[in-house]
Each structure stands twice: as structure tokens, then as C-alpha cells.
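Examining the three-dimensional arrangement
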Amino acid sequence: MALPGSPEANTRNLPSAWTSFSGGNVVQEAQEALETYKKKDANKVVVRFKAVGNAPIMKQNFYKITASNRFQAVIQFLRKELGWKQGDPLFTYINLAFSPAPDDTVANLFKSFSTEGHLIVNYSTTAAWG
């Protein structure tokens, strides 16, 4: 029996029904799929920031951001670039349409809502859209 916290404690044996299905390849394929899922996506996505309303305009508005990052990282990056504190109001929108959840990945947003090869992130100091 493995001790808690040891590498052996984190491995599980699959039931025999899984190992006998399709000649035993299912287990190997499942483990490979899990390993692929665990790897971080090193690809970069071009994000274009656009000010809305009275928000300050950035001198540089195109940035490459790692695709596997959560949108929360984009918000934090934007705050840093604008020099805003954590308590300062910041509202972000994708394509002037909706505000994404902070736990959405940049890759998923880019795949679904990119325009001309860019993910357009609009930002404002006040709520611009519902």
C-alpha cells in the first residue's frame, strides 16, 4: 500500500473490462490523451486592445499572449499596462458584444470570436454594455 503523497498513491488501476476492450489500446490511448491535455499550449494569440468611452488609449494596442492563459491573465496584464490598481473599475468586452468569464481560456475565445486573426478586447472604465 502506497503512502499518501507518494507517486504510487496517485496512480490507479483500471478495471479489467477496460484493459480487455479493443486489445488493451484504450488504456494507452486514454493515458496519452490525458498527457496531451495536461501540456500547456505554447502558441501565442494576437490580442488587440481598443478603448471604449473615456478609457485611456494605449500607445501600443497589439500584444501576443499565450493561448493557454485564462482571460483573467489578460485583465491583469491590461491593468498593469494602464497603471490601474486592483480596485479601479475595468470592464472588458470581446468584439463590443459580451464580457467573457475570467476563467475562459484565450485560445477558446480566439477560436470562437477572432476577427482578421486578432482577438479584439474592448475595455472601459464604466459598464458599456449589459
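The structure we're discussing is the one just above.
First, a word on scope: everything that follows refers to the structure included in this document. On a predicted model such as this, the values are computed, not experimentally measured, just so you know.

The subject of this paragraph is the packing of aromatic side chains. Enumeration over the complete set of coordinates arrives at 4 aromatic pairs. Ring centres of tyrosine 63 and phenylalanine 77 lie 4.8 Å apart, and the angle between their planes is 75°; on these two criteria the pair is classed as edge-to-face. With tyrosine 63 in strand β2 (residues 62-66) and phenylalanine 77 in helix α3 (residues 71-82), the pair connects residues that are 14 residues apart, well separated along the chain. The class for tyrosine 63 is buried, based on a relative accessible area of 13%. Exposure remark for phenylalanine 77: the relative accessible area of 23% places this residue in the partly exposed category. Between phenylalanine 98 and phenylalanine 113, the ring centres sit 4.9 Å apart and the planes meet at 55°, which makes this aromatic pair tilted. Of the two residues, phenylalanine 98 sits in the loop between β3 (91-94) and α4 (106-113) while phenylalanine 113 sits in helix α4, which places them 15 residues apart along the sequence. Residue classification places phenylalanine 98 among the partly exposed positions, given a relative accessible area of 28%.

Backbone geometry at asparagine 95 places phi at a positive 50°, although glycine is not the residue there. Inspection of the secondary structure puts asparagine 95 in the loop between β3 and α4. Even without glycine at this site, leucine 96 takes up a positive phi of about 55°. Following the sequence through the fold, leucine 96 ends up in the loop between β3 and α4.

Definitions and cut-offs
Residues numbered from 1 in each chain as written. Predicted model: local features only at pLDDT ≥ 70, side-chain atom pairs only at ≥ 80, totals over all residues. Heavy atoms only, no water. Phe/Tyr/Trp six-rings, centres within 6.5 Å; stacked < 30°, edge-to-face > 60°. Helix = DSSP H or I, 4+ residues; strand = E, 2+ residues; numbered from the N terminus. Buried < 20%, exposed > 50% of the residue type's maximum accessible area, 1.4 Å probe, protein only.

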